[in-house]
Amino acid sequence: AQSVTQLDSQVPVFEEAPVELRCNYSSSVSVYLFWYVQYPNQGLQLLLKYLSGSTLVKGINGFEAEFNKSQTSFHLRKPSVHISDTAEYFCAAWSYNQGGKLIFGQGTELSVKP
Amino acid sequence: DAGVIQSPRHEVTEMGQEVTLRCKPISGHDYLFWYRQTMMRGLELLIYFNNNVPIDDSGMPEDRFSAKMPNASFSTLKIQPSEPRDSAVYFCASSFVDIPSGGYTFGSGTRLTVV
């Protein structure tokens, strides 16, 4: 079965430092990949998505992610974080062989400190 | 568009009581999803509908849970009887195609506490 693994449950970082949130997926077929952000007491908001084409995708708020098929990874990066980026980030995968379900990772809590 | 609207935002109920969570999807979206979020299990898909018809309910934890979508603009998730282990945040999401090329749009969630 398809699974999504986020390798870090918590990532503390100082403001203006770069950050990488790691995500690996398991799928032997074509897969669509997503990153969502959840601010406290809010729903999930789409940050970016990979459907096909260029493996480097850019999203909102200065985030980007790179699809690496050989490593089955889709890591999220930002070159310089702000306090306002403090939130929980979810990686998700969708493929035809999962019956149309979007499968989420466990989430990574990003904490940006001044 | 006001987005996906869920009500109530918070619900506190006693064990054994019936709980009904409500969701209004975005107009024109014909897929609706119910997710549950807990610390232990993360985000779990409970059930989803296409054109008001339940397609996959394999994530519904047990018979105490039921979901309906009587029309394109309204869905309910009911727990009867509720138990403390049902405490979680329940999210509703909608999309207009099954391949989520646009991503799912999530509501703000209902935080359920069963005491």
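Whatever comes next refers back to the structure up there.
This section reports on the structure supplied with the text. (Residues numbered from 1 in each chain as written. Chains lettered and ligands numbered in written order. Predicted model: local features only at pLDDT ≥ 70, side-chain atom pairs only at ≥ 80, totals over all residues. Heavy atoms only, no water.)

Close approach of charged atoms allows side chains of opposite charge to pair. Residues and elements named next belong to chain B. Tallying each qualifying case throughout the model produces 13 salt bridges over all chains. For the salt bridge of Lys-78 with Glu-18, the shortest nitrogen-to-oxygen distance reads 3.9 Å. Here Lys-78, found in strand β8 (residues 74-79), pairs with Glu-18, found in the loop between β2 (10-13) and β3 (19-24); they are 60 residues apart in sequence, far enough to count as distant. The class of Lys-78 is partly exposed, set by a relative accessible area of 30%. (Salt bridge = Lys/Arg side-chain N within 4 Å of Asp/Glu carboxyl O. Helix = DSSP H or I, 4+ residues; strand = E, 2+ residues; numbered from the N terminus. Buried < 20%, exposed > 50% of the residue type's maximum accessible area, 1.4 Å probe, protein only.)

All names here are of chain A. Within the fold, His-75 resides in strand β9 (residues 73-78). Owing to a relative accessible area of 13%, His-75 belongs among the buried residues under this scheme. In this structure the side chain of His-75 is engaged in a polar contact, spanning 2.9 Å, whose partner is the backbone nitrogen of Cys-23. Beyond its immediate stretch of four places on either side in the chain, His-75 contacts Glu-20, Leu-21, Arg-22, Cys-23, Asn-24, Trp-35, Glu-64, Ala-65 and Glu-66. (Polar contact = N/O pair within 3.5 Å; in protein donor to acceptor, adjacent residues only side chain to side chain. Contact = heavy atoms within 4.5 Å.)

Looking now at the sheet that holds strand β1 (residues 5-7) of chain B. To summarise the sheet geometry, strands pair through backbone hydrogen bonds and adopt either a parallel or an antiparallel arrangement. Residue and element names in this part refer to chain B. The four strands lie next to each other as β1-β3-β8-β7, forming an open sheet whose pairing is antiparallel. A strand with exactly one partner marks an edge of an open sheet, and here the two such strands are β1 and β7 (65-71). For this sheet the average axis-to-axis angle between neighbouring strands, irrespective of direction, equals 15°. Taken together, the five bridges between β7 and β8 define a ladder with antiparallel strand orientation. Opposite Ser-66, over in β8, you have Lys-78 as the bridge partner. (Pairing = 2+ DSSP bridges. Axes fitted to C-alpha atoms, helices over the stretch in contact; angles between N-to-C directions.)

Residue and element names in this part refer to chain B. Across the nine residues of strand β5 (residues 42-50), nine count as buried, placing the element largely inside the fold. In this sheet, β5 lies alongside strand β4 (residues 31-38) in antiparallel orientation, the contact comprising eight bridges. The residue of β5 that forms the bridge with Trp-34 is Ile-47. Between β4 and the antiparallel strand that follows it, β5, lie three residues. Here three bridges tie β5 to strand β6 (residues 53-56), and the two strands are oriented antiparallel to one another. For Asn-50, the partnering residue across the bridge sits in β6 and is Val-53.

Now for the state of the cysteines. All names here are of chain B. Scanning the model with the defined rule gives two disulfides over all chains in all. Through a disulfide, Cys-23 is tied to Cys-92; the S-S separation comes to 1.9 Å. Across the S-S bond of Cys-23 and Cys-92 the torsion is about -65°, and the bridge reads as left-handed. Of this pair, Cys-23 sits in strand β3 while Cys-92 sits in strand β9 (residues 88-95); the two residues are 69 residues apart in sequence, bridging distant segments of the chain. (Disulfide = S-S within 2.5 Å.)

Our next topic: the packing of aromatic side chains. In this structure the tally under the stated criterion is 16 aromatic pairs over all chains. A centroid spacing of 6.3 Å and a plane angle of 85° characterise the contact between A:Phe90 and A:Phe104, whose relative ring orientation is edge-to-face. With A:Phe90 in strand β10 (residues 87-94) and A:Phe104 in strand β11 (residues 102-104), the pair connects residues that are 14 residues apart, well separated along the chain. Following the ring pairs from residue to residue traces out a cluster consisting of A:Phe34, A:Tyr36, A:Phe90, A:Phe104, B:Tyr35, B:Phe91 and B:Phe106. (Phe/Tyr/Trp six-rings, centres within 6.5 Å; stacked < 30°, edge-to-face > 60°.)

Let us now look at the interface of chain A and chain B. The interface of chain A with chain B comprises 20 residues on the first partner and 24 residues on the second. Inspection of the region where chain A meets chain B yields zero salt bridges. On inspection of chain A and its partner chain B, the count reaches four residue pairs in polar contact (both at pLDDT 80 or more). When contributions to the side of chain A that touches chain B are tallied by element, the ones reaching two or more residues are β5 (32-38), β6 (44-50), β10 and β11 of chain A. At four residues, β5(A) tops the list of elements feeding residues into the side of chain A that touches chain B. Looking at the side of chain A that touches chain B residue by residue, the class counts come to eleven nonpolar, seven polar and two charged. (Nonpolar A, V, L, I, M, F, W, Y, C, P; charged D, E, K, R; others polar.)

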